[in-house]
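# Survey of secondary and tertiary structure
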Amino acid sequence: MLRKVSAVVLGGVLIAATLAACGGEGSGGGGAASGKDDGKIVMGFSQVGAESGWRTANTKSIQESAAAAGIELKFSDAQQKQENQIKAIRSFISQKVDIIAFSPVVESGWDTVLKEAKAAGIPVILTDRAVDSPDKTLYKTFIGSDFVLEGKKAGEWVKQEFASAAGPVNMVELQGNTGAAPAIDRKEGFESVIGSDPKFKMLASQPGDFTRAKGKEVMDAFLKANPDIDLLYAHNDDMGLGAIEAIEAAGKKPGTDIKIVTVDAVKDGMQALSDGKINFIVECSPLLGPQLMDLAKKVLNGETIPTRVLTEETTFTQDQAKAALPERKY
């Protein structure tokens, strides 16, 4: 397999023997394992888990894009546990893959294993979520959304929706996993917009772990403790969908009695928006696969790439959701 090596140029002629030698002993995982160098890139990818429709679509995009790009993908599901991701990354290092990509479960605690990858000469790309390491040389780039901006977009809609309300506007918040970048940043962005207006009251804010089941459970507790809720802000669609079940079970009408704003824009969420049970969705696209494979090839070719790559995203109202649903890919 092709390992990440520097091209050796003598007198303007690329020395082919440099790459040919990489298929031998001590070379990249695929070459060492198969005993030959077929020129195929091997990527080790560690996924957070399968906690939501968004994550399932993200996994599918990466797997399909790897196949289309001719990249051999070694895939690992961390099941929402950082220790599983660290174990997977170390396995990729021992297999001598060409490049590693992963979506971190949480922001902190990655320096040691990233240093191990760097020492092994294996470049790393972060996808969807960032890490808080001060050493930016431990990874080549981060591709994903601006989670703070997503939170701001949600907050701006809330301010506009309740512009004429005298107050107070009683809100509850379903956060993602504790310590996860989307949970931290979406909360920060939202608060930066609505925090200066005293009429907005955050009655309760708790993690719903990005899952539908936990979203329902926490929203049920919110409703029992705070019967007069005007707005729910959920950090993803799945938690919002779970909350809808709890709201309906409490005899209230989601989207009317309690306004709901979520993040993601997966198909189930868009359907709920179309049906009027959700009022506004901020998009967070999971279709990162094509960009990831393109970046991987550029990194291994020694090309200069930006250290931050943003995905293109929008927002949806009910009418916009109805128009987009027929051709929605996720």
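Rules used throughout
- Residues numbered from 1 in each chain as written.
- Predicted model: local features only at pLDDT ≥ 70, side-chain atom pairs only at ≥ 80, totals over all residues.
- Heavy atoms only, no water.
- Helix = DSSP H or I, 4+ residues; strand = E, 2+ residues; numbered from the N terminus.
- Buried < 20%, exposed > 50% of the residue type's maximum accessible area, 1.4 Å probe, protein only.
- Areas by Shrake-Rupley, 256 points an atom, 1.4 Å probe, with all protein chains shown as cover.
- Pairing = 2+ DSSP bridges.
- Axes fitted to C-alpha atoms, helices over the stretch in contact; angles between N-to-C directions.
- Contact = heavy atoms within 4.5 Å.
- Core = buried A, V, L, I, M, F, W, Y, C linked by side-chain atoms within 4.5 Å.
- Expected span 1.5 Å × (residues − 1).
- Arc of directions from axis to C-beta.
- Phe/Tyr/Trp six-rings, centres within 6.5 Å; stacked < 30°, edge-to-face > 60°.
- Salt bridge = Lys/Arg side-chain N within 4 Å of Asp/Glu carboxyl O.
- pLDDT = per-residue confidence, 0-100.

### Some thoughts on the overall build of the protein chain
When helices and strands are tallied, the protein chain shows 12 helices and 14 strands. Within the span of the protein chain, comprising 330 residues, buried residues form 51% of the whole. Accessible area for the protein chain stands at about 14200 Å²; split by element, carbon and sulfur atoms hold 50% of it.

### A closer look at the sheet that holds strand β13 (residues 308-310)
Strand order in the open sheet formed by 6 strands is β4-β3-β5-β6-β7-β13, and the pairing between neighbours is parallel. Looking at which strands have only one partner, the edges of the open sheet turn out to be β4 (72-77) and β13. Adjacent strand axes in the sheet meet at a mean angle of 20° when their direction is disregarded. Relative to strand β7 (residues 141-144), strand β6 (residues 124-127) runs parallel, the two sharing 3 bridges. Residue L126 lies in a different strand from β7, and its bridge partner there is F142. Contacts from helix α11 (residues 289-300) reach β3 (42-47), β5 (99-102), β6, β7 and β13 within the one sheet, and its direction differs from that of β6 by about 160°.

### Description of the nonpolar core
Core analysis: the largest hydrophobic core is formed by 30 residues, its most contacted members being L174, M219, F222, L232 and M270. At the level of elements, β8 (169-175), α8 (212-225), β10 (231-234), α9 (237-249), α10 (267-274) and α12 (318-324) are the ones that each hand at least two residues to this core. No other element matches α9, which puts 6 residues into this core. Excluding residues within four positions of it along the chain, F222 makes contact with V172, E173, L174, A204, S205, Q206 and I229. Counting residues in each nonpolar core, the second largest holds 24 residues, with I86, A88, V131 and Y139 among its members.

### Re helix α4 (residues 82-94)
Given a rise of 1.5 Å per residue, 13 residues ought to cover 18 Å, and the 19 Å separating the end C-alpha atoms of α4 matches this to within 8%. Turning to α4, its buried residues are Q85, I86, A88, I89, F92 and I93. Across the axial projection of α4, the buried residues extend over an arc of 160°, all falling on one side. In α4, those exposed residues whose orientation departs by more than 90 degrees from the buried face are E83, K87 and S94. On the buried face of α4, the contacting elements are β3, β4, β5 and α5 (111-119). Remark: K96 follows α4 within two positions and exhibits a positive phi of approximately 55°.

### Re the packing of aromatic side chains
If you walk through the whole model with that rule in mind, you get 4 aromatic pairs. When the ring of F190 is compared with that of Y233, the centres are 4.1 Å apart and the planes differ by 20°; the resulting orientation is stacked. Of this pair, F190 sits in helix α7 (residues 181-194) while Y233 sits in strand β10, and the two are 43 residues apart along the sequence. Using a relative accessible area of 0% as the deciding quantity, one classes F190 as buried.

### Here's the deal with the pattern of salt bridges
Summed over the entire model, instances satisfying the criterion amount to 17 salt bridges. Taking the shortest distance from any N to any O, the salt bridge between E116 and R90 comes out at 2.8 Å. One end of the pair, E116, is in helix α5; the other, R90, is in helix α4, with 26 residues separating them in the sequence. Overall, E116 belongs to the partly exposed group, its relative accessible area being 30%. Between E217 and K214 there is a salt bridge, with the nearest N and O atoms lying 3.3 Å from each other. Here K214 and E217 lie together in helix α8, a separation of 3 residues that amounts to about one turn.

### A short note on the side chain of Q175
With respect to the helices, strands and loops of the structure, Q175 is situated in strand β8. Judged by relative accessible area, Q175 falls into the buried class, the value being 15%. Sequence-distant contacts of Q175, that is, excluding residues within four places in its chain, are made with K187, S205, Q206, P207, G208, D209, F210, H235 and M239.

### Digging into the confidence of the model for the protein chain
Of all residues in the protein chain, 88% attain a pLDDT of 70 or more, and the chain-wide mean is 89. This stretch, residues 1-36, has a pLDDT under 50; its non-local contacts, to residues over four places away or in other chains, come to 63 contacts.

### Looking at the side chain of E107
Of note, E107 is situated in the loop between β5 and α5. In contact with E107, other than residues within four places in its own chain, are A130, V131, D132, G179, A181, I184 and D185.

### Focus: the environment of D275
Here D275 is to be found in the loop between α10 and β12 (280-283). You can call D275 partly exposed: its relative accessible area is 47%. Separated by 20 residues in sequence, D275 and G255 place their C-alpha atoms 9.1 Å apart.

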